[in-house]
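Descriptive structure summary
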Amino acid sequence: MNEEDLLEYSIYHWVFGGDYALPGLDNHGFVNPNFFYDYPQKSDYETFLGLFESIKHDPCLNDDKGLLLCSGGVDSSLLACFRNQTLIESSQRLIHTSYVGHNNNDLGKFVNVLEACPSDSYVLSIDSKRYLSGIEFLSMHKFYQNTYAPTLAFALKSIAPENFSSLITGSGPDELFYGMEKYSWDKFENLSNKPIAQALELLDPSYNFQCYSKLLNAQGLELLKNVQLKRRRLYESIAELEMNIFDSQRILAYATVTAQHMQLFNKIGQIFELEHKAPYLNSQLVRLALTTPLLELVELGHNKRVEIGKKYLKRCLSQYMSESHVYGKKIGFHAPTTEFIFEYSKKFLMRNIDYLPYWLSKDKTIREINLRFEVGVELTDYFLYSLINVIKHQMGKSYDC
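Bear in mind the structure is a predicted one, so any value in this text is a computation, not a measurement. (Residues numbered from 1 in each chain as written. Predicted model: local features only at pLDDT ≥ 70, side-chain atom pairs only at ≥ 80, totals over all residues. Heavy atoms only, no water.)

This next bit is on the overall build of the chain. Across its full length, the chain carries 18 helices and five strands. Here the C-alpha atoms of the chain give a radius of gyration of 21 Å, agreeing with the 21 Å that 2.2 N^0.38 yields for 401 residues. Oriented by its inertia axes, the alpha-carbon framework of the chain measures out at about 60 × 50 × 40 Å. Counting only contacts in the chain whose residues sit at least 6 apart along the sequence, the fraction spanning at least 24 positions is 79%. Accessible surface, the chain as shown: approximately 17,200 Å² in total, 48% of it carbon and sulfur. Computing the positive centroid from 40 side-chain charges and the negative centroid from 48, the chain places the two 5 Å apart. (Helix = DSSP H or I, 4+ residues; strand = E, 2+ residues; numbered from the N terminus. Rg over C-alpha atoms; globule rule 2.2 N^0.38 Å. Contact = heavy atoms within 4.5 Å. Areas by Shrake-Rupley, 256 points an atom, 1.4 Å probe, with all protein chains shown as cover. Lys, Arg positive; Asp, Glu negative; His and termini not counted. Charge placed at Lys NZ, Arg CZ, Asp CG, Glu CD.)

For the bond running from tyrosine 39 to proline 40, omega is -10°, close enough to zero to count as cis. Looking at the secondary structure, you find proline 40 in the loop between α1 (3–12) and α2 (45–54). Of note in the backbone geometry, lysine 142 takes a positive phi value of approximately 55° without being a glycine. Note that lysine 142 resides in the loop between α5 (128–140) and α6 (149–157).

This brings us to the sheet that holds strand β4 (residues 166–168). Read from one edge to the other, the open sheet built from five strands follows the order β3-β2-β1-β4-β5, with strand pairing classed as parallel. One side of each edge strand has no neighbouring strand; the edge strands of this open sheet are β3 (120–126) and β5 (275–277). Here the strands of the sheet are splayed against their neighbours by 25° on average, with no regard to which way each runs. Here strand β1 (residues 66–69) pairs with strand β2 (residues 93–99) via three bridges, running parallel. Along β2, the bridge assignment pairs leucine 69 with isoleucine 95. Along the sheet, helix α4 (residues 107–116) contacts β2 and β3; its crossing angle with β2, the most-contacted strand, is approximately 165°. The sheet contacts of α6 involve β1, β2, β3 and β4, and relative to β2 the element is tilted by about 130°. (Pairing = 2+ DSSP bridges. Axes fitted to C-alpha atoms, helices over the stretch in contact; angles between N-to-C directions.)

Attention now moves to the pattern of salt bridges. Inspection of the entire model under this criterion finds 17 salt bridges. A salt bridge links arginine 232 to glutamate 201; its shortest N-O distance comes to 3.0 Å. Taken as a pair, arginine 232 in helix α11 (residues 218–239) and glutamate 201 in helix α9 (residues 196–203) lie far apart in primary sequence, 31 residues in all. Using a relative accessible area of 32% as the deciding quantity, one classes arginine 232 as partly exposed. For glutamate 201, a relative accessible area of 31% puts it in the partly exposed group. (Salt bridge = Lys/Arg side-chain N within 4 Å of Asp/Glu carboxyl O. Buried < 20%, exposed > 50% of the residue type's maximum accessible area, 1.4 Å probe, protein only.)

Here is the structure:
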(Lines give C-alpha, C1' and ligand atoms only; values in the text may rest on other atoms or scores of the structure.)
Protein backbone atom coordinates (compact mmCIF):
# COMPACT_ATOMS: atom_id res chain seq x y z
CA MET A 1 0.00 0.00 0.00
CA ASN A 2 1.17 3.51 -0.73
CA GLU A 3 0.60 6.24 1.88
CA GLU A 4 -2.78 7.28 0.51
CA ASP A 5 -3.95 3.67 0.51
CA LEU A 6 -2.67 3.20 4.05
CA LEU A 7 -4.68 6.16 5.29
CA GLU A 8 -7.76 4.86 3.49
CA TYR A 9 -7.26 1.44 5.08
CA SER A 10 -6.88 3.09 8.50
CA ILE A 11 -10.31 4.67 8.24
CA TYR A 12 -12.32 2.18 6.16
CA HIS A 13 -10.56 -1.17 6.89
CA TRP A 14 -9.84 -1.63 3.20
CA VAL A 15 -8.88 0.27 0.05
CA PHE A 16 -11.59 0.97 -2.51
CA GLY A 17 -10.98 -0.29 -6.01
CA GLY A 18 -11.24 -3.46 -8.06
CA ASP A 19 -14.27 -5.50 -9.05
CA TYR A 20 -13.30 -8.80 -7.33
CA ALA A 21 -15.34 -10.53 -10.08
CA LEU A 22 -18.52 -8.87 -8.80
CA PRO A 23 -21.23 -8.46 -11.48
CA GLY A 24 -22.10 -4.83 -12.16
CA LEU A 25 -18.74 -3.32 -11.14
CA ASP A 26 -16.02 -2.21 -13.51
CA ASN A 27 -12.30 -2.94 -13.12
CA HIS A 28 -11.90 0.06 -10.83
CA GLY A 29 -14.76 -0.89 -8.52
CA PHE A 30 -17.24 1.71 -9.82
CA VAL A 31 -20.75 0.77 -10.93
CA ASN A 32 -21.42 -0.15 -14.55
CA PRO A 33 -24.67 1.72 -15.40
CA ASN A 34 -25.54 -0.73 -18.20
CA PHE A 35 -25.88 -3.51 -15.63
CA PHE A 36 -28.81 -1.70 -13.97
CA TYR A 37 -30.65 -0.77 -17.18
CA ASP A 38 -34.00 -2.34 -16.20
CA TYR A 39 -34.41 -0.61 -12.83
CA PRO A 40 -37.02 -0.54 -11.44
CA GLN A 41 -38.53 -3.90 -12.24
CA LYS A 42 -41.31 -5.87 -10.60
CA SER A 43 -40.37 -9.26 -9.19
CA ASP A 44 -42.08 -11.87 -7.10
CA TYR A 45 -41.17 -14.75 -4.84
CA GLU A 46 -41.42 -17.36 -7.57
CA THR A 47 -38.85 -15.53 -9.70
CA PHE A 48 -36.40 -15.33 -6.82
CA LEU A 49 -37.13 -18.90 -5.75
CA GLY A 50 -36.12 -20.12 -9.18
CA LEU A 51 -32.75 -18.41 -8.83
CA PHE A 52 -32.27 -19.64 -5.26
CA GLU A 53 -33.00 -23.20 -6.37
CA SER A 54 -30.56 -22.87 -9.27
CA ILE A 55 -27.79 -22.26 -6.74
CA LYS A 56 -28.11 -25.94 -5.79
CA HIS A 57 -26.42 -26.71 -9.10
CA ASP A 58 -23.43 -24.45 -8.47
CA PRO A 59 -20.41 -26.77 -8.86
CA CYS A 60 -18.95 -25.66 -5.53
CA LEU A 61 -21.98 -27.04 -3.67
CA ASN A 62 -21.42 -30.41 -5.33
CA ASP A 63 -17.73 -30.56 -4.41
CA ASP A 64 -17.11 -32.70 -1.34
CA LYS A 65 -13.78 -30.91 -0.85
CA GLY A 66 -15.48 -27.55 -0.42
CA LEU A 67 -15.46 -26.03 3.07
CA LEU A 68 -18.51 -23.93 3.94
CA LEU A 69 -18.06 -21.06 6.39
CA CYS A 70 -21.29 -21.31 8.36
CA SER A 71 -22.37 -18.75 10.94
CA GLY A 72 -25.82 -20.24 11.35
CA GLY A 73 -27.49 -17.22 9.77
CA VAL A 74 -30.00 -17.33 6.93
CA ASP A 75 -27.46 -17.16 4.08
CA SER A 76 -25.09 -19.93 5.17
CA SER A 77 -27.95 -22.05 6.59
CA LEU A 78 -29.62 -22.18 3.18
CA LEU A 79 -26.36 -23.13 1.47
CA ALA A 80 -25.87 -25.91 4.04
CA CYS A 81 -29.40 -27.17 3.33
CA PHE A 82 -28.75 -27.14 -0.41
CA ARG A 83 -25.47 -29.04 0.00
CA ASN A 84 -27.16 -31.53 2.29
CA GLN A 85 -29.38 -32.46 -0.65
CA THR A 86 -26.73 -32.44 -3.37
CA LEU A 87 -23.87 -34.28 -1.61
CA ILE A 88 -25.56 -37.67 -1.60
CA GLU A 89 -22.52 -39.90 -1.14
CA SER A 90 -20.54 -37.85 1.38
CA SER A 91 -21.01 -35.46 4.27
CA GLN A 92 -20.41 -31.78 3.75
CA ARG A 93 -17.73 -29.93 5.72
CA LEU A 94 -18.63 -26.85 7.75
CA ILE A 95 -16.46 -24.43 9.72
CA HIS A 96 -17.80 -22.14 12.45
CA THR A 97 -15.99 -19.63 14.66
CA SER A 98 -16.97 -18.54 18.16
CA TYR A 99 -15.40 -16.33 20.83
CA VAL A 100 -14.38 -17.61 24.25
CA GLY A 101 -16.15 -15.97 27.18
CA HIS A 102 -18.06 -13.56 25.01
CA ASN A 103 -21.71 -13.25 24.01
CA ASN A 104 -20.85 -12.56 20.35
CA ASN A 105 -21.57 -16.18 19.45
CA ASP A 106 -24.14 -17.98 17.34
CA LEU A 107 -23.35 -21.51 18.45
CA GLY A 108 -27.02 -22.21 19.12
CA LYS A 109 -27.94 -21.34 15.55
CA PHE A 110 -25.04 -23.41 14.24
CA VAL A 111 -26.28 -26.41 16.24
CA ASN A 112 -29.68 -25.92 14.58
CA VAL A 113 -27.97 -26.26 11.20
CA LEU A 114 -26.23 -29.47 12.29
CA GLU A 115 -29.53 -30.94 13.44
CA ALA A 116 -31.07 -30.20 10.04
CA CYS A 117 -27.94 -31.09 8.06
CA PRO A 118 -25.64 -33.60 9.84
CA SER A 119 -22.14 -32.55 8.76
CA ASP A 120 -18.45 -32.96 9.49
CA SER A 121 -17.79 -29.75 11.36
CA TYR A 122 -14.98 -27.66 12.74
CA VAL A 123 -15.83 -25.26 15.55
CA LEU A 124 -12.92 -22.93 16.31
CA SER A 125 -12.99 -21.19 19.68
CA ILE A 126 -11.09 -17.92 19.50
CA ASP A 127 -9.63 -16.18 22.55
CA SER A 128 -7.42 -13.09 22.67
CA LYS A 129 -4.19 -15.08 22.21
CA ARG A 130 -5.54 -16.83 19.12
CA TYR A 131 -6.98 -13.59 17.74
CA LEU A 132 -3.62 -11.88 18.13
CA SER A 133 -1.91 -14.80 16.41
CA GLY A 134 -4.29 -14.21 13.49
CA ILE A 135 -3.21 -10.56 13.32
CA GLU A 136 0.43 -11.63 13.33
CA PHE A 137 -0.16 -14.28 10.66
CA LEU A 138 -1.84 -11.80 8.32
CA SER A 139 0.85 -9.17 8.85
CA MET A 140 3.46 -11.78 7.86
CA HIS A 141 1.52 -12.16 4.61
CA LYS A 142 1.26 -8.36 4.28
CA PHE A 143 -2.52 -8.44 4.27
CA TYR A 144 -4.53 -6.00 6.38
CA GLN A 145 -8.31 -6.05 6.50
CA ASN A 146 -11.31 -5.78 8.77
CA THR A 147 -11.71 -7.10 12.30
CA TYR A 148 -12.97 -10.56 11.28
CA ALA A 149 -9.87 -11.31 9.21
CA PRO A 150 -7.68 -12.50 12.15
CA THR A 151 -10.44 -14.87 13.26
CA LEU A 152 -10.69 -16.49 9.84
CA ALA A 153 -6.91 -16.66 9.43
CA PHE A 154 -6.46 -18.45 12.76
CA ALA A 155 -9.36 -20.81 12.05
CA LEU A 156 -8.08 -21.91 8.64
CA LYS A 157 -4.49 -22.41 9.75
CA SER A 158 -5.78 -24.68 12.52
CA ILE A 159 -7.60 -27.28 10.40
CA ALA A 160 -5.23 -28.64 7.73
CA PRO A 161 -6.64 -26.55 4.84
CA GLU A 162 -4.74 -28.66 2.31
CA ASN A 163 -7.59 -31.17 2.62
CA PHE A 164 -9.95 -28.73 0.90
CA SER A 165 -10.25 -27.20 -2.55
CA SER A 166 -12.44 -24.18 -1.88
CA LEU A 167 -13.80 -21.88 0.81
CA ILE A 168 -17.53 -21.34 0.31
CA THR A 169 -19.24 -18.33 1.89
CA GLY A 170 -22.76 -16.91 1.99
CA SER A 171 -21.47 -13.48 0.99
CA GLY A 172 -23.87 -11.03 -0.63
CA PRO A 173 -27.47 -11.28 0.60
CA ASP A 174 -27.06 -8.80 3.46
CA GLU A 175 -26.22 -6.11 0.93
CA LEU A 176 -28.41 -7.33 -1.95
CA PHE A 177 -31.57 -7.61 0.13
CA TYR A 178 -31.14 -4.76 2.62
CA GLY A 179 -27.99 -2.74 2.10
CA MET A 180 -26.07 -0.86 4.77
CA GLU A 181 -27.12 -3.28 7.47
CA LYS A 182 -25.60 -1.30 10.33
CA TYR A 183 -28.43 1.23 9.89
CA SER A 184 -32.14 0.97 10.60
CA TRP A 185 -34.76 1.85 7.99
CA ASP A 186 -35.35 5.16 9.77
CA LYS A 187 -31.83 6.26 8.86
CA PHE A 188 -32.57 5.95 5.15
CA GLU A 189 -35.93 7.68 5.52
CA ASN A 190 -34.27 10.61 7.27
CA LEU A 191 -31.85 11.01 4.35
CA SER A 192 -34.48 10.71 1.61
CA ASN A 193 -34.68 14.47 0.99
CA LYS A 194 -30.92 14.98 0.60
CA PRO A 195 -29.08 14.77 -2.73
CA ILE A 196 -28.16 11.11 -3.23
CA ALA A 197 -24.38 11.62 -3.38
CA GLN A 198 -24.45 13.65 -0.17
CA ALA A 199 -26.61 11.06 1.60
CA LEU A 200 -24.31 8.21 0.54
CA GLU A 201 -21.29 9.99 1.95
CA LEU A 202 -23.05 10.06 5.31
CA LEU A 203 -23.76 6.32 5.08
CA ASP A 204 -20.34 5.12 3.90
CA PRO A 205 -18.93 3.17 6.89
CA SER A 206 -15.88 5.28 7.79
CA TYR A 207 -15.25 3.40 11.02
CA ASN A 208 -12.32 5.41 12.32
CA PHE A 209 -12.76 8.77 10.60
CA GLN A 210 -13.51 10.81 13.72
CA CYS A 211 -10.39 9.63 15.47
CA TYR A 212 -7.85 9.76 12.63
CA SER A 213 -9.03 13.13 11.38
CA LYS A 214 -7.92 14.63 14.73
CA LEU A 215 -4.44 13.12 14.48
CA LEU A 216 -3.46 14.06 10.93
CA ASN A 217 -0.79 16.66 10.28
CA ALA A 218 -0.86 18.94 7.21
CA GLN A 219 0.45 16.17 4.94
CA GLY A 220 -2.13 13.77 6.31
CA LEU A 221 -4.95 16.22 5.66
CA GLU A 222 -3.88 16.47 2.02
CA LEU A 223 -3.91 12.69 1.72
CA LEU A 224 -7.36 12.60 3.31
CA LYS A 225 -8.69 15.01 0.69
CA ASN A 226 -7.56 12.61 -2.04
CA VAL A 227 -9.12 9.62 -0.28
CA GLN A 228 -12.43 11.41 0.13
CA LEU A 229 -12.36 12.64 -3.47
CA LYS A 230 -11.99 9.10 -4.79
CA ARG A 231 -14.90 7.83 -2.71
CA ARG A 232 -17.06 10.83 -3.67
CA ARG A 233 -16.66 9.77 -7.30
CA LEU A 234 -18.26 6.49 -6.27
CA TYR A 235 -21.21 8.28 -4.62
CA GLU A 236 -21.68 10.45 -7.70
CA SER A 237 -21.60 7.46 -10.06
CA ILE A 238 -24.32 5.78 -7.99
CA ALA A 239 -26.38 8.98 -7.98
CA GLU A 240 -26.28 8.95 -11.79
CA LEU A 241 -28.32 5.72 -11.74
CA GLU A 242 -31.24 7.89 -10.54
CA MET A 243 -32.41 5.48 -7.85
CA ASN A 244 -33.98 6.60 -4.58
CA ILE A 245 -31.97 6.53 -1.36
CA PHE A 246 -33.26 3.07 -0.36
CA ASP A 247 -31.93 1.48 -3.54
CA SER A 248 -28.88 3.73 -3.90
CA GLN A 249 -27.62 2.74 -0.45
CA ARG A 250 -27.80 -0.92 -1.51
CA ILE A 251 -25.54 -0.16 -4.47
CA LEU A 252 -23.15 1.60 -2.10
CA ALA A 253 -23.17 -1.42 0.22
CA TYR A 254 -22.54 -3.75 -2.71
CA ALA A 255 -19.63 -1.67 -4.05
CA THR A 256 -18.03 -1.30 -0.61
CA VAL A 257 -19.12 -3.90 1.95
CA THR A 258 -19.56 -6.80 -0.49
CA ALA A 259 -16.37 -5.87 -2.32
CA GLN A 260 -14.49 -5.69 0.98
CA HIS A 261 -15.75 -9.14 1.97
CA MET A 262 -14.79 -10.55 -1.40
CA GLN A 263 -11.28 -9.16 -1.05
CA LEU A 264 -11.05 -10.65 2.45
CA PHE A 265 -12.23 -14.14 1.50
CA ASN A 266 -10.42 -14.19 -1.85
CA LYS A 267 -7.07 -13.21 -0.34
CA ILE A 268 -7.20 -15.36 2.78
CA GLY A 269 -8.38 -18.26 0.63
CA GLN A 270 -5.44 -17.65 -1.69
CA ILE A 271 -3.00 -17.69 1.24
CA PHE A 272 -4.26 -21.19 2.09
CA GLU A 273 -4.53 -22.25 -1.57
CA LEU A 274 -8.32 -22.31 -1.40
CA GLU A 275 -10.50 -20.82 -4.12
CA HIS A 276 -13.21 -18.61 -2.67
CA LYS A 277 -16.73 -19.34 -3.91
CA ALA A 278 -19.76 -17.11 -3.22
CA PRO A 279 -22.80 -18.79 -4.86
CA TYR A 280 -25.24 -15.93 -4.20
CA LEU A 281 -23.11 -13.47 -6.16
CA ASN A 282 -24.00 -14.76 -9.60
CA SER A 283 -24.92 -12.23 -12.25
CA GLN A 284 -28.61 -13.14 -12.55
CA LEU A 285 -29.39 -12.94 -8.84
CA VAL A 286 -27.35 -9.77 -8.31
CA ARG A 287 -29.06 -7.97 -11.18
CA LEU A 288 -32.54 -9.09 -10.17
CA ALA A 289 -32.03 -8.10 -6.53
CA LEU A 290 -30.44 -4.70 -7.16
CA THR A 291 -32.95 -3.64 -9.81
CA THR A 292 -35.97 -4.71 -7.75
CA PRO A 293 -37.03 -1.86 -5.42
CA LEU A 294 -36.05 -2.58 -1.85
CA LEU A 295 -39.60 -2.01 -0.61
CA GLU A 296 -40.58 -5.23 -2.40
CA LEU A 297 -37.83 -7.21 -0.68
CA VAL A 298 -38.37 -6.38 3.00
CA GLU A 299 -41.02 -7.05 5.62
CA LEU A 300 -41.21 -3.50 6.87
CA GLY A 301 -43.46 -4.17 9.85
CA HIS A 302 -43.58 -1.78 12.80
CA ASN A 303 -40.00 -1.85 14.11
CA LYS A 304 -38.06 -1.20 10.86
CA ARG A 305 -34.96 -2.99 12.13
CA VAL A 306 -32.23 -4.65 10.06
CA GLU A 307 -33.95 -8.03 10.48
CA ILE A 308 -36.71 -6.91 8.09
CA GLY A 309 -34.48 -7.78 5.13
CA LYS A 310 -34.08 -10.96 3.05
CA LYS A 311 -37.83 -11.66 2.97
CA TYR A 312 -37.70 -14.09 0.06
CA LEU A 313 -34.51 -15.80 1.18
CA LYS A 314 -36.07 -16.47 4.59
CA ARG A 315 -39.20 -17.81 2.95
CA CYS A 316 -37.07 -20.24 0.96
CA LEU A 317 -35.13 -21.37 4.05
CA SER A 318 -38.44 -21.99 5.87
CA GLN A 319 -38.91 -25.00 3.58
CA TYR A 320 -35.92 -26.61 5.28
CA MET A 321 -35.67 -25.24 8.84
CA SER A 322 -37.92 -24.04 11.65
CA GLU A 323 -39.32 -20.53 11.68
CA SER A 324 -37.67 -19.90 15.06
CA HIS A 325 -34.31 -20.46 13.39
CA VAL A 326 -35.15 -18.55 10.21
CA TYR A 327 -36.57 -15.47 11.93
CA GLY A 328 -34.57 -15.52 15.15
CA LYS A 329 -31.99 -12.81 15.74
CA LYS A 330 -28.44 -13.56 14.67
CA ILE A 331 -25.23 -11.96 15.84
CA GLY A 332 -22.97 -12.80 12.90
CA PHE A 333 -19.21 -12.61 12.56
CA HIS A 334 -18.54 -9.79 15.01
CA ALA A 335 -15.24 -10.20 16.83
CA PRO A 336 -14.87 -8.64 20.31
CA THR A 337 -11.81 -6.90 18.91
CA THR A 338 -11.32 -4.13 21.48
CA GLU A 339 -11.53 -6.59 24.35
CA PHE A 340 -9.12 -9.05 22.72
CA ILE A 341 -6.40 -6.53 21.87
CA PHE A 342 -6.76 -4.27 24.92
CA GLU A 343 -3.87 -5.50 27.07
CA TYR A 344 -1.58 -6.11 24.12
CA SER A 345 -2.22 -2.92 22.19
CA LYS A 346 -0.85 -0.24 24.52
CA LYS A 347 2.43 -2.07 25.09
CA PHE A 348 2.85 -2.83 21.39
CA LEU A 349 1.93 0.65 20.19
CA MET A 350 4.15 2.52 22.65
CA ARG A 351 7.09 0.22 22.01
CA ASN A 352 6.81 0.77 18.24
CA ILE A 353 5.52 4.35 18.13
CA ASP A 354 8.46 5.45 15.97
CA TYR A 355 6.99 3.41 13.12
CA LEU A 356 4.04 5.79 12.81
CA PRO A 357 3.52 6.95 9.22
CA TYR A 358 4.72 10.49 8.54
CA TRP A 359 1.19 11.82 8.11
CA LEU A 360 0.23 11.24 11.76
CA SER A 361 1.19 13.62 14.56
CA LYS A 362 3.23 11.58 17.03
CA ASP A 363 2.33 13.71 20.06
CA LYS A 364 -1.41 13.68 19.29
CA THR A 365 -1.36 9.94 18.61
CA ILE A 366 0.35 9.18 21.92
CA ARG A 367 -2.24 11.28 23.75
CA GLU A 368 -5.04 9.45 21.95
CA ILE A 369 -3.60 6.05 22.85
CA ASN A 370 -3.27 7.02 26.50
CA LEU A 371 -6.79 8.42 26.55
CA ARG A 372 -8.17 5.04 25.52
CA PHE A 373 -6.73 3.38 28.59
CA GLU A 374 -8.28 5.76 31.07
CA VAL A 375 -11.01 4.29 33.24
CA GLY A 376 -14.50 4.83 31.91
CA VAL A 377 -13.56 5.84 28.36
CA GLU A 378 -16.06 4.48 25.82
CA LEU A 379 -14.46 2.69 22.88
CA THR A 380 -16.86 2.85 19.94
CA ASP A 381 -14.45 2.59 17.00
CA TYR A 382 -11.67 0.25 15.89
CA PHE A 383 -8.82 2.72 16.16
CA LEU A 384 -6.49 0.53 18.24
CA TYR A 385 -6.93 -2.46 15.91
CA SER A 386 -6.37 -0.22 12.92
CA LEU A 387 -3.27 1.44 14.35
CA ILE A 388 -1.71 -1.92 15.24
CA ASN A 389 -2.03 -2.97 11.61
CA VAL A 390 -0.76 0.38 10.31
CA ILE A 391 2.37 0.08 12.45
CA LYS A 392 2.89 -3.56 11.46
CA HIS A 393 2.65 -2.45 7.84
CA GLN A 394 5.30 0.21 8.46
CA MET A 395 7.54 -2.28 10.27
CA GLY A 396 7.23 -4.62 7.30
CA LYS A 397 8.33 -1.84 4.96
CA SER A 398 11.34 -1.28 7.17
CA TYR A 399 12.30 -4.95 7.04
CA ASP A 400 11.98 -4.95 3.25
CA CYS A 401 14.50 -2.13 2.87
